[in-house]
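Residue-level structural notes
Chain by chain, the residues:
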Amino acid sequence: MYRLDIAEVADRSGYAPSTLRYYEKRGLIASDGRHGLRRQYDDSVLTRLGLIALGQTAGFSLDQIAQFMEPNGESFQLDRDDLHNQADKLHRKAKELAATAHLLEHIAKCTAPSHMGCPRFRKLLKDALNARGSSHT
């Protein structure tokens, strides 16, 4: 265990110092002192920031992340059903994004005089709408 100053944590984590200060204010991370005016952190803060990043990428809010992070940072407690539900949401969102990407690629490549007259465009548009509808059920 060693101490890092806020600039080192920012460099290693990719989070801006202002974000680190905000997370500290929210109770997601904690500094363990100061060296002059600069906050100092135990190097375990990088693990906590990794868990925060994972939670955010998975679609959890900071409030939700705060609820399932243990204060000591040693564990990340989530109900397995919640994890399965969130994974299902991400799969549906991925399907929606893939359909939209295919539609955009077609629009960029299509040589039809009118996209609305292009049967492939209309099918992709329908697929994108269906993917969106299935992601909101």
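All of these numbers come straight from a predicted model, not from anything done at the bench. (Residues numbered from 1 in each chain as written. Predicted model: local features only at pLDDT ≥ 70, side-chain atom pairs only at ≥ 80, totals over all residues. Heavy atoms only, no water.)

Comments concerning the packing of helix α1 (residues 6-13) against helix α2 (residues 17-26)
One way to put it is that α1 packs onto α2 with a least axis distance of 9 Å and a crossing angle of 105°. It follows that α1 is roughly perpendicular to α2 by the angle criterion. Only Pro17, Leu20 and Arg21 of α2 make contact with α1, whose side of the interface consists of Ile6, Val9, Ala10 and Ser13. Class assignment for the residues of the contact of α1 with α2 results in five nonpolar, one polar and one charged. (Axes fitted to C-alpha atoms, helices over the stretch in contact; angles between N-to-C directions. Helix = DSSP H or I, 4+ residues; strand = E, 2+ residues; numbered from the N terminus. Parallel < 35°, antiparallel > 145°, perpendicular 65-115°, else oblique. Contact = heavy atoms within 4.5 Å. Nonpolar A, V, L, I, M, F, W, Y, C, P; charged D, E, K, R; others polar.)

Description of the pattern of salt bridges
Tallying each qualifying case throughout the model produces five salt bridges. The partner of Arg3 in a salt bridge is Asp32, and the shortest N-O contact between them spans 3.4 Å. Here the residue Arg3 occupies a position in strand β1 (residues 3-5), and Asp32 occupies one in the loop between α2 and β2 (34-35), the gap between them amounting to 29 residues. The shortest N-O distance in the salt bridge between Arg38 and Asp5 comes to 2.7 Å. Taken together, the residues span a long stretch of sequence, with Arg38 in strand β3 (residues 38-42) and Asp5 in strand β1 at a distance of 33 residues. Residue class for Arg38 comes out partly exposed when judged on its relative accessible area of 39%. Exposure remark for Asp5: the relative accessible area of 14% places this residue in the buried category. (Salt bridge = Lys/Arg side-chain N within 4 Å of Asp/Glu carboxyl O. Buried < 20%, exposed > 50% of the residue type's maximum accessible area, 1.4 Å probe, protein only.)

Topic: the sheet that holds β3
As summarised here, the arrangement of the three strands in space is β1-β3-β2, forming an open sheet in which the pairing is antiparallel. Looking at the sheet topology across the chains shown, the edges are occupied by β1 and β2. Pairing analysis gives two bridges linking β2 to β3, with the strands arranged antiparallel. Across the sheet, the residue bridging to Arg34 is Arg39, located in β3. (Pairing = 2+ DSSP bridges.)

Considerations on the state of the cysteines
Summed over all chains, the structure comprises zero disulfides. Just so you know, Cys110 is unpaired, no disulfide at all, and the nearest cysteine sulfur is the one on Cys118, 3.7 Å from it. Assessed through its relative accessible area of 17%, Cys110 is described here as buried. (Disulfide = S-S within 2.5 Å.)

What to know about the packing of aromatic side chains
With the rule as written, the count across this model stands at three aromatic pairs. Considering the side-chain rings of Tyr15 and Tyr23, the 5.4 Å spacing of their centres and the 70° angle between planes classify their relative orientation as edge-to-face. You'll find Tyr15 and Tyr23 in the same group, each marked buried. (Phe/Tyr/Trp six-rings, centres within 6.5 Å; stacked < 30°, edge-to-face > 60°.)

Concerning the side chain of Arg39
Structurally, the position occupied by Arg39 is in strand β3. Under the relative-accessibility criterion, Arg39 is labelled buried at 18%. At a separation of 2.9 Å, a polar atom in the side chain of Arg39 contacts the side chain of Glu24. Not counting residues within four places of it along the chain, the set of residues in contact with Arg39 comprises Leu4, Asp5, Ile6, Arg21, Glu24, Ser31, Gly33 and Arg34. (Polar contact = N/O pair within 3.5 Å; in protein donor to acceptor, adjacent residues only side chain to side chain.)

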